[in-house]
Protein chains: 2
Amino acid sequence: MRIALLGLGTVGNAFLESLRQNREHVEMRAEGPIEIVKALVLHPERHRGEAGLITTRPADILNDPEVDIVVEVMGGCDPARAYIEAALRGGKSVVTANKEVLANHGAALFDAQAASNRDFLFEASVGAGIPVIRSIKIGLSGNRIDQVTGILNGTTNFILTRMERYGQSYEDALAEAQRAGYAEADPRADVEGTDAARKAAVLASIAFASRVTEADVVREGITRVEPRDIALGRSFGWTLKPIAVAREVGGRVFVRTHPAFLSEDHPLSGVGGIYNAVLVHAVPLGEAMFYGPGAGGPSTASAVLGDVVEAARNLRLGGRTVGCTCYRELPVAGEEEGRSAFYLRLDVRDEPGVLGSLASIMGESGVSLRTVRQAEPRGATAELVLVTHPAEERSFKRAVLRLTSLGTVQAMSQPIRIEEAAT
Amino acid sequence: MRIALLGLGTVGNAFLESLRQNREHVEMRAEGPIEIVKALVLHPERHRGEAGLITTRPADILNDPEVDIVVEVMGGCDPARAYIEAALRGGKSVVTANKEVLANHGAALFDAQAASNRDFLFEASVGAGIPVIRSIKIGLSGNRIDQVTGILNGTTNFILTRMERYGQSYEDALAEAQRAGYAEADPRADVEGTDAARKAAVLASIAFASRVTEADVVREGITRVEPRDIALGRSFGWTLKPIAVAREVGGRVFVRTHPAFLSEDHPLSGVGGIYNAVLVHAVPLGEAMFYGPGAGGPSTASAVLGDVVEAARNLRLGGRTVGCTCYRELPVAGEEEGRSAFYLRLDVRDEPGVLGSLASIMGESGVSLRTVRQAEPRGATAELVLVTHPAEERSFKRAVLRLTSLGTVQAMSQPIRIEEAAT
């Protein structure tokens, strides 16, 4: 089997290194030799160690009938989408780690795959080396999946874990993540929830057999979380995690990424640092969780190698792995739909009747309060914490809007959803 | 695709039920209809609801050229082994949930599979519905696996969880497990570690690409564990779990099942009740964990259905899933080999020099003590707890033997190994 790489950055190099180290294992399971023949790069001068593989012309790979499997590890939509489609239409199997192109152009890519009758595999696109895509597509294929809850972004999990453990501010924890190489210089795709939204779109599409795209995912970042909220959450027995939730309820699909308080018995509550995990609730299985390093070259290379083994086996022996699974067309719910319990912290003027007016606004909006906690006033200001029972998103947002306009409310935290463990 | 069942007990019935409920999902992924045509049972009068499927003659299934896939859910080695071999040699794909036959006759079964060029799949044999076999065989096929640590037996995990939470005795917790249907009337295969040893043999064979059989696994049960040991472990920050450990060290394979104290940061420490989990340490991946309900009809049926989907796809499209992966022949270490840290509780006569003589025996045996804790004497007896640094199994056992013969030692707990989290 002749393999060509599109891209030779962190993941591409880790892939080459892992293949060198574990060649015997890989080739035994692939039922024959695996040869790397080419690698497309932008800057050949940076890859002198791999000079024999390097090309700067995509056609050298895409039009070469000797290339059996194309491994796309360049990232981004353009030109990755065009290259993947060209490779599939040229009769090559394709392995990708690219969640962005999947979450935005999945339908077109699977059309190309179906026409080619080759494999299009993407285990590395979600949770890096955690084998969650294959597990859902094949291992759980006899199940009806109700809900998938994941910690899908290692950067934000690292930041919130630092804030919780050391009381750091969001800004300090972000700087720490950048120094450690876990966050980009421009961290927006991570901290605003876009990266997690792409992964959630891929997972939800497979879990519910119905296409969900990046644009369908309601997202909320972690940029407004304060250490005070994390500390208050701790006092309720909760831990704050950056989660993605995908649910199918009554024939509608709900997909969101946001920070959430998890109770200590929630299976995801112990997943810290840069680790990722995916919790699946399915019938007949029940609840299953997959956990591991969700980012980084070696972990991603592990998943890419597994896909290459599968693609190579199928080319040698015949057969094809499950391709597009989106045979249903379920509507995706919008931002205002759905229900959740919420936490909200307010600084209010310490004067008689404030709590009553807040409670009235909640009640009039159809939001029922579970707990109200008031701290000792500091000067003229009192801190109030409201925890609601599960409420309509729409109703809660309406209530928050009304609270904002109250003269007695001086400041308000980011509202934070509360996720209960399944019973 | 025509499917026949060997056995129609808890798992077989759950399989039929799950297929009925999720037929659309299953058939979409299997790329066509799945039909159940026959079921072999011993007592047809107990299966009137499935009268159209029932047969008592194995040949009706094994010799029927119309049967494409045989699902073996009868359990035990005899006659399951002969039926599986006959089905494979007759050109049928086989799906089994039977860890006992795999751990004892795996080599013969894979020989039959290799000759037939059909699939032989066994995801349900370890961890029931947790898709760990496929994940290790395919998803992690680019990795070199160093260690697999699992909680593989739900019955003993349930018993130890009860003992820890409610201070119950082993006997009471076992009775509770029997009432709840989690333990058999004859619980020996679970509580003496045999069930876990079978699963560990299957996992180790795949992880290290070298055959490990049931007889190779060193096992120790939980029958001598006392609530006092669990309470003392808690005071050290540990939780007691029934684990299976498989390691490859220096070209040798070590496989054991035994209770072990885990520190609170160990990924398996939170796995309670009847849940199972498998923790894999691999290069390049790092550490990954798979968690879920490791027993019961519905969970097992989930895994069997996933395998049936894969077998059906391969029969329709060509292709074959990875079969035998044991292409190496690594020696398996014996009971006396290996190293571990140990916990040991002793009741000793409260007289001068006792601690000194215990410590001398440990030191002379080559066992270095990490902690010694002495409780207030009750009457003439004092409780001593010894915690060792990692020591040779052989040395520790020699030391225990010498302690047993000391006149001052009145009673001794089951020695319990301590497993550290990977760093």
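## Section: the confidence of the model for chain A
Thought 1: Model confidence for chain A is summarised by a mean pLDDT of 95, while 100% of its residues fall at 70 or above.
Thought 2: Predicted complex, confidence summary: ipTM 0.93, pTM 0.95.

## Regarding the domain arrangement of chain A
All names here are of chain A.
Thought 1: Domain boundaries assigned for chain A yield domain 1 (2-129 + 297-317), domain 2 (133-293) and domain 3 (339-419).
Thought 2: In this structure, domain 2 and domain 3 have C-alpha centres spaced 25 Å apart.
Thought 3: Facing 16 residues of domain 2, the contacting portion of domain 3 comprises 9 residues.
Thought 4: The greatest single-element share of the side of domain 2 that touches domain 3, amounting to 5 residues, is contributed by strand β10 (residues 252-263).
Thought 5: Classifying every residue of the side of domain 2 that touches domain 3 by side-chain character gives 8 nonpolar, 4 polar and 4 charged.

## Details of the interface of chain A and chain B
Thought 1: Between chain A and chain B, the residue contacts involve 50 residues of the former and 49 residues of the latter.
Thought 2: Mapped by element, the contributors of at least two residues to the side of chain A that touches chain B are α1 (10-21), α2 (23-29), α6 (132-139), β12 (286-293) and α12 (297-317) of chain A.
Thought 3: By residue number, the principal contributor to the side of chain A that touches chain B is α12(A), which donates 10 residues.
Thought 4: Per-class residue counts for the side of chain A that touches chain B are 23 nonpolar, 20 polar and 7 charged.
Thought 5: Sheet analysis places β12(A) next to strand β12 (residues 286-293) of chain B, joined by 3 bridges and oriented antiparallel.

## Looking at the nonpolar core
Thought 1: A:Val304 and B:Val304 are the most contacted members of the largest nonpolar core, which has 278 residues in total.
Thought 2: The residues contacting B:Val304, other than those within four sequence positions of it, are B:Val11, B:Phe15, B:Val71, B:Val73, B:Val95, B:Ala97 and B:Ala124.

## Digging into the relation of the copies chain A and chain B
Thought 1: Structural alignment of chain A on chain B gives an RMSD of 0.0 Å, achieved by rotating through 180 degrees and translating 0.0 Å along the axis. Here the copies are linked by what is in effect a two-fold axis. Residue A:Gly319, judged by its C-alpha, is the member of chain A lying nearest the rotation axis, at 1.8 Å.
Thought 2: Take the interface residues of chain A: 98% of them recur as interface residues in chain B, which is what a same-surface contact looks like.

## Remarks on the sheet that holds strand β6 (residues 120-121) of chain A
Residues and elements named next belong to chain A.
Thought 1: On the basis of which strands lie adjacent, the open sheet formed by 6 strands has the order β3-β2-β1-β4-β5-β6 and parallel pairing. With one partner strand each, in any of the chains shown, β3 (54-55) and β6 form the two edges of the open sheet.
Thought 2: Where strand β1 (residues 2-6) and strand β4 (residues 69-72) come together, 4 bridges link them in parallel fashion. Across the sheet, the residue bridging to Leu5 is Val71, located in β4.
Thought 3: Sheet strands touched by α12: β1, β4, β5 (93-96) and β6. Its angle to β5, the strand with the most contacts, is close to 170 degrees.

## So, the pairing of strand β18 (residues 416-419) of chain B
Residues and elements named next belong to chain B.
Thought 1: Covered by surrounding structure in β18 are Ile416 and Ile418 together with Arg417 and Glu419, the residues of both alternating faces.
Thought 2: As judged from the 3 bridges shared by strand β10 (residues 252-263) and β18, these two strands associate in the parallel manner. Pairing of Leu262 across the sheet is with Glu419, part of β18.
Thought 3: Pairing of strand β13 (residues 339-349) with β18, which is carried by 3 bridges, proceeds in the antiparallel orientation. Bridge assignment links Ala341 to a residue of β18, and that residue is Ile418.

## Regarding the packing of helix α5 (residues 99-116) of chain A against helix α10 (residues 194-208) of chain A
How two helices pack is summed up by the angle between their axes together with the distance between the axes.
Residues and elements named next belong to chain A.
Thought 1: At a closest axis distance of 8 Å, the pairing of α5 and α10 adopts a crossing angle of 55 degrees. Viewed along their axes, α5 and α10 adopt a mutual orientation that is oblique. Where α5 crosses over α10, the two elements pack in a sense that is left-handed. Seen from α5, the contacting residues are Lys99, Glu100, Leu102, Ala103 and Gly106; seen from α10, they are Arg198, Lys199, Ala201, Val202 and Ser205.
Thought 2: For the contact of α5 with α10, the residue count by class is 4 nonpolar, 2 polar and 4 charged.

Rules used throughout
Here the residue numbering is sequential within each chain, running from 1 through the sequence in written order. To label them, take the chains in the order written and letter them from A, then take the ligands in the order written and number them from 1. Selection of residues for local features in this predicted model requires a pLDDT of at least 70, selection of side-chain atom pairs for listing and counting requires 80 or more, and totals for whole chains, interfaces and linings are taken over all residues. In predicted models, pLDDT denotes the confidence assigned by the predictor to each residue on a 0 to 100 scale. Residue ranges labeled as domains rest on an automatic or database domain assignment. Residues are defined as contacting one another if the C-beta atoms placed from their backbone atoms lie within 7 Å. Numbered from the N terminus, helices here are DSSP runs of H or I no shorter than four residues, and strands are runs of E no shorter than two. Residues are sorted three ways: Asp, Glu, Lys and Arg are charged, Ala, Val, Leu, Ile, Met, Phe, Trp, Tyr, Cys and Pro are nonpolar, and all the rest, Gly among them, are polar. By definition, two strands form a pair when at least two bridges between them are found by DSSP. In these notes, a nonpolar core means any group of buried Ala, Val, Leu, Ile, Met, Phe, Trp, Tyr and Cys residues linked to one another through C-beta atoms within 7 Å. Each residue is classed by its C-beta neighbour count within 10 Å, where at least 20 other C-beta atoms makes it buried, 12 or fewer makes it exposed, and intermediate counts make it partly exposed; the C-beta atoms are placed from backbone geometry. For the least-squares superposition of copies, only C-alpha atoms count, and only for residues with pLDDT at least 70 in both. Inter-axis angles, ranging from 0 to 180 degrees, are taken between N-to-C directions of lines fitted to C-alpha atoms, where helices are fitted over the stretch in contact. When an angle is under 35 degrees it counts as roughly parallel; over 145 it counts as roughly antiparallel; between 65 and 115 it counts as roughly perpendicular; any other value is oblique. Left-handed describes a crossing in which the near helix is turned anticlockwise from the far one by less than a right angle; the clockwise case is right-handed.

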